[in-house]
Amino acid sequence: MSDSMKSVKTRSLEGVDLDWMVAGCLGHKAYLRHDFMRQRAQHVNHAFPLDWHLSVQTNDPIIGVIETGETQVLPRYGADWLVAGQIIEQNQISLSIKHDGWWVACMYDINDEPKHMHVGSTPLEAAMRCLVDAKVGPVVQVPDGLSQWDAKAKAKKSSSPSL
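First, a word on scope: everything that follows refers to the structure included in this document. (Residues numbered from 1 in each chain as written. Predicted model: local features only at pLDDT ≥ 70, side-chain atom pairs only at ≥ 80, totals over all residues. Heavy atoms only, no water.)

1. A look at the sheet that holds strand S5 (residues 94-97)
Adjacent strands of a sheet pair through backbone hydrogen bonds, lying either parallel or antiparallel. Read from one edge of the open sheet, three strands run S5-S6-S7, paired in antiparallel fashion. Lying at the two open borders of the sheet, with one neighbouring strand each, are S5 and strand S7 (114-120). Strand-to-strand, the axes of this sheet are offset by a mean angle of 20°, without reference to chain direction. Strand direction decides the pairing type here: S5 and strand S6 (residues 103-108), joined by four bridges, are antiparallel. Bridge pairing in S6 links Ser96 to Val104. (Pairing = 2+ DSSP bridges. Helix = DSSP H or I, 4+ residues; strand = E, 2+ residues; numbered from the N terminus. Axes fitted to C-alpha atoms, helices over the stretch in contact; angles between N-to-C directions.)

Shown next, in the form of C-alpha cells:
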C-alpha cells in the first residue's frame, strides 16, 4: 500500500476506518483503488503505464481480489443495517442503549461473562467496534489518509440539493 499506516484505538474507530477494519475481520482485502490497480497490473504482467487509468479513477476505498480483478465499493458496515445486521447476528453481538444515549455492544464468553464491550454513538458503530476488538484487538492499523474519504462524502452530501 502506498499510504503509510497509523495506529488507532478500536474504541475510536469510526466511518471508513471502521469499515476498513470490519472488511478485514470478514476475510476481505481492502485497498485504495489506485493501489489495487497497481497490484493487479503487476499480477497480470501488464507492461503499459497506468498513469492514464489512475488519472481517471478515484482513489476510493474498495474491497477486491487481485487474482480475478473483482472489486466492489467498501461496504459501510458502521452505517448500513443491511450488511451489518447479519454480522451482528452471526457473531452474537448484544446491543443496548444507555440513559445518556450511547449504544453499548457486547460479546459474551461461554459462561455469559462480558468478553468484548464497546460503546458508540450508533448501535452499528458500537457493534462493529466490538467485532474488530474481538478479531483484531484494542489497537489496529489503518491507512493514514483513509479518513479523508469520510470528509469528502460528508462534503458531497451537504452540497447536494435537498428536496
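Now that the structure is up, let's keep going.
2. Notes on helix H5 (residues 123-135)
Between its first and last C-alpha atoms H5 spans 18 Å; for 13 residues at 1.5 Å apiece the expected length is 18 Å, and the two agree. Among the 13 residues that make up H5, eleven are buried, leaving the element largely enclosed by the rest of the structure. Listed in full, the buried residues belonging to H5 are Pro123, Leu124, Glu125, Ala126, Ala127, Met128, Arg129, Cys130, Leu131, Val132 and Asp133. On the buried face of H5, the contacting elements are helix H1 (15-25), helix H4 (81-90), S5, S6, S7 and strand S8 (139-143). Where H5 ends, the next residue or the one after it, Gly137, has phi of about 130°, a positive value. (Expected span 1.5 Å × (residues − 1). Buried < 20%, exposed > 50% of the residue type's maximum accessible area, 1.4 Å probe, protein only. Contact = heavy atoms within 4.5 Å.)

Purely geometric numbers; function is a separate question.
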